[in-house]
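Secondary and tertiary structure notes
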Amino acid sequence: MKIILSLMLAVSIGVPSALASEAAHIEQLDWSFKGITGTYDRASIQRGFQVYRQVCSACHSMDRVAYRNLIDLGYSEDQIKSLASETSVMDGPNDEGDMFERPARPSDYFPNPYANKAQARYTNNGALPPDLSLIAKARTGGADYLYALLTGYDEAPASVTMNEGMNYNKVYAGHQIAMAAPLSDGLVAYANANTPTTTEQYAYDVSNFLQWVAEPSLEAQKRVGLKVVLFLSILAIIMYYVKKRLWAGIKGKK
Amino acid sequence: MSSSKRFPFKNPVISWVDERLPIFTLMHQEYAAFPTPKNFNYLWNFGAIAMVMLVLMIVTGISLAMSYNPSADGAFDSVERIMRDVNGGWMLRYLHMNGASFFFLAVYVHMFRGMYYGSYKKPRELLWLLGVTIFLIMMATAFLGYSLPWSQMSGWGATVITSLFSAIPLVGDSIVTWLWGGFSVDNPTLNRFFALHFTLPFVIFAVVFMHIWALHITGSNNPTGIEIQDKKQDSVPFHPYYTIKDSFGLCVFLAVYAAVSFFAPTMLTHADHFIPFDPLITPSHIVPEWYFLPFYAMLRSMDFNIGIPWTDIVLMDSKLFGVLVMFGSIAMLFILPFIDKHPVKSANYRPRYKIALFIMVISFIILGYVGAMPAEGIWPTVGKIFTAVYFAFFAAVWWLNKHEKPKPLPKSIHASVLEKNAKKEAALLKEVES
């Protein structure tokens, strides 16, 4: 009886604390890259890249992506060259031992908005904006979580006292996030007038982009995987019948 | 090995080599003609599967090592370079990462089969001991490998596990400093982890060789647990009967492994494994890979000090006790052949042992679940209960030595096969009649 009581007590203490530590429910969207034959939606990723360049990149670095990688998104080499040359990078030392600035080339990686982590923290009220190269893999829920986070800003309920400089977010663990709502309707002008310029659309596009950034080999994985699994399955079926035939003489022997 | 008769090979080159070094005769005796019980079920595939996984891990691992940079500053970046810039690098990494999981899966099934059919009993005690040794080295290797990407989970996992040694009285802290090569988990730690992670698989390979050697001295156990009496009736040559059967099982296993590695490669991986290690930020909840979770649960559930009741005297603090319980759970596997003296091997003829074993397996799985949960609320209590159940299994095995009446055994392997066939035929007849 004592054990049952203590079990019940343990449940009653355990359940609420477990609930509190869990973030809000994250909706699963129908991403094009899902499933075993999924592919990337390049139009959406290109728009997401635009959102990243015009909004996110002001505070977030993306150290592991080079301009040359954009070829996978359907940009031409000339487009990539001109995209890269819009930013300048520090190079050197030259023959005279001096560092110099030059326009970025396709082989250069995306520039970091900060000189170092300390500067990043200092400019952001003590919070460090994470590098976004792997963010879709580094958060439970992946693209679904990113979408939910970007669209999860809301007025803080009366019961919650917000710390200074923090923003209320429905899905962020603890609900207080240092990043202010980055997206708003009409913030970025899309080239195609038919694409809605809503927060939801931006969040969807940028999450698609971040998924591609985190897992650029995803399409190759599925393509190769399909062949490998198919090959092994067929081989397994053949081996099964070889085995059955081979053993027929043994199993029945009296 | 050398004194036995040579096999007459027709090919003159093979014959020439074999006269001077009878390696082909050895292969023929051990892998072709080797008499193997003819009544294996599919659980007997997993030894061969584990062997293939070991080779696969070594091959992908060496390839990865060629592009990996074992330094605290460069490890995470080099792994990402492998993923993005090395040709086929993502495939190597995902096959290696998920390969560890599937290697453990194969070994767990292999061990369960050994326990269910009493393969650890006389005359195969040493065979079992070598197997548990392989399991132990595998655990060390997997843990070391988990540290190498130098992610949040890597660094903090390494910190948690190496800190276990600080539980050793008097010298604990010095040992931890020695293991780390400094006063925290840092570059020297990563360097030695890489060196050991590279070396240990070859140690495993050597022990596997002894494991198979010992197997070929005693011969394989089988679902009845009765030894081969009449070679002609009870056994078949290993090749082609089991090479083909193993190939079938292997293809099915590899297909599942490939499906996970290619379609859901990060399914078994925590998100924190994709954040670079930061010694100043502790993740909210440090968890090992799934195959360590039951042991992790045992470790964490021991949250009480052992002392003299009604006094404040502490004989053993909770940390040391947890470590002892965790290592004790594996030590029990080492002494299992010496606890279980019951003459009947197979659980098919030992109804009580069978129940005890299933309870143990279920409690092990529940412990795995507990290990994945935060150590708060109900979970430490659940962990304590099922840790006790796990250890109670070994006590039960010892008790059953004198308290289990086995079911009647078939006369021979052959007789058991006939009996099974007769049952099948009777069932078929019934179906036809109805």
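Source: prediction; values computed, not measured.

Rules and cut-offs
- Residues numbered from 1 in each chain as written.
- Chains lettered and ligands numbered in written order.
- Predicted model: local features only at pLDDT ≥ 70, side-chain atom pairs only at ≥ 80, totals over all residues.
- Helix = DSSP H or I, 4+ residues; strand = E, 2+ residues; numbered from the N terminus.
- Buried ≥ 20, exposed ≤ 12 C-beta atoms within 10 Å, placed from the backbone.
- Contact = placed C-beta atoms within 7 Å.
- Nonpolar A, V, L, I, M, F, W, Y, C, P; charged D, E, K, R; others polar.
- Core = buried A, V, L, I, M, F, W, Y, C linked by C-beta atoms within 7 Å.
- Axes fitted to C-alpha atoms, helices over the stretch in contact; angles between N-to-C directions.
- Parallel < 35°, antiparallel > 145°, perpendicular 65-115°, else oblique.
- pLDDT = per-residue confidence, 0-100.

Some details on the overall build of chain A
- Within chain A, the secondary structure is distributed over 8 helices and 4 strands.
- Beginning at the N terminus, the succession of helices and strands in chain A can be written as α-α-α-β-β-α-α-α-β-β-α-α.
- Looking at chain A as a whole, 25% of its 254 residues are labelled buried.
- Restricting the contact set of chain A to residue pairs at least 6 apart, pairs at least 24 apart contribute 59%.

Some remarks on the interface of chain A and chain B
- With 34 residues of chain A at the interface, the matching set in chain B holds 32 residues.
- Elements represented by at least two residues in the side of chain A that touches chain B include exactly helix H1 (2–21), helix H5 (135–138) and helix H8 (218–251) of chain A.
- Here the side of chain A that touches chain B gets 17 residues from one element, more than from any other, and that element is H8 of chain A.
- Among the residues making up the side of chain A that touches chain B, the classes are represented as 20 nonpolar, 8 polar and 6 charged.

What about the nonpolar core?
- Ranked by size, the top nonpolar core spans 86 residues in total, and within it Ala-50, Met-53, Phe-103 and Ala-106 of chain B carry the most contacts.
- Among the elements that line this core, the one with the most residues is helix H5 (residues 89–116) of chain B, at 15 residues.
- Counting 35 residues, the second largest nonpolar core, distinct from the first, contains Tyr-52, Val-65, Ala-143 and Leu-150 of chain A.

Brief notes about the packing of helix H2 (residues 42–54) of chain A against helix H7 (residues 199–214) of chain A
Residues and elements named next belong to chain A.
- Here H2 crosses H7 at 100°, and the two axes come no closer than 7 Å. Relative to H7, the element H2 lies roughly perpendicular. Contact with H2, carried on its side by Ser-44, Ile-45, Arg-47, Gly-48, Phe-49, Val-51 and Tyr-52, involves Tyr-202, Tyr-204, Asp-205, Val-206, Asn-208, Phe-209 and Trp-212 of H7 and no other residues of that element.
- Across the contact of H2 with H7, the residue classes break down as 9 nonpolar, 3 polar and 2 charged.

Observations regarding the confidence of the model for chain B
- Summarising the model, chain B shows a mean pLDDT of 95, and 99% of its residues fall at 70 or more.
- What the predictor reports for the complex is a pTM of 0.93 with an ipTM of 0.92.

Looking at the environment of Ile-80 of chain A
Residue and element names in this part refer to chain A.
- In this structure, Ile-80 sits in helix H3 (residues 77–85).
- The class for Ile-80 is partly exposed, based on 19 C-beta atoms found within 10 Å.
- Taking the C-alpha atoms as reference, Ile-80 lies 6.4 Å from Pro-106; in sequence the two are 26 residues apart.
- Excluding residues within four positions of it along the chain, Ile-80 makes contact with Tyr-67, Arg-68, Leu-70, Ile-71, Tyr-75 and Pro-106.

Side note on unusual backbone geometry
- In the segment running from Gly-92 of chain A into Pro-93 of chain A, the intervening peptide bond is cis, with an omega of 0°.
- Its location among the elements puts Pro-93 of chain A in the loop between strand S1 (88–91) and strand S2 (100–103).
- Unlike most non-glycine residues, Trp-150 of chain B shows phi in positive territory, near 55°.
- Take Trp-150 of chain B: it is sitting in the loop between helix H6 (125–147) and helix H7 (152–163).
- Here Trp-150 of chain B falls in the buried class, since 27 other C-beta atoms lie within 10 Å of it.
- Positive phi is not limited to glycine here, since Leu-170 of chain B has a value of about 65°.
- Tracing the backbone shows Leu-170 of chain B in the loop between H7 and helix H8 (172–180).
- Residue Leu-170 of chain B is classed as exposed on the basis of its 7 C-beta neighbours within 10 Å.

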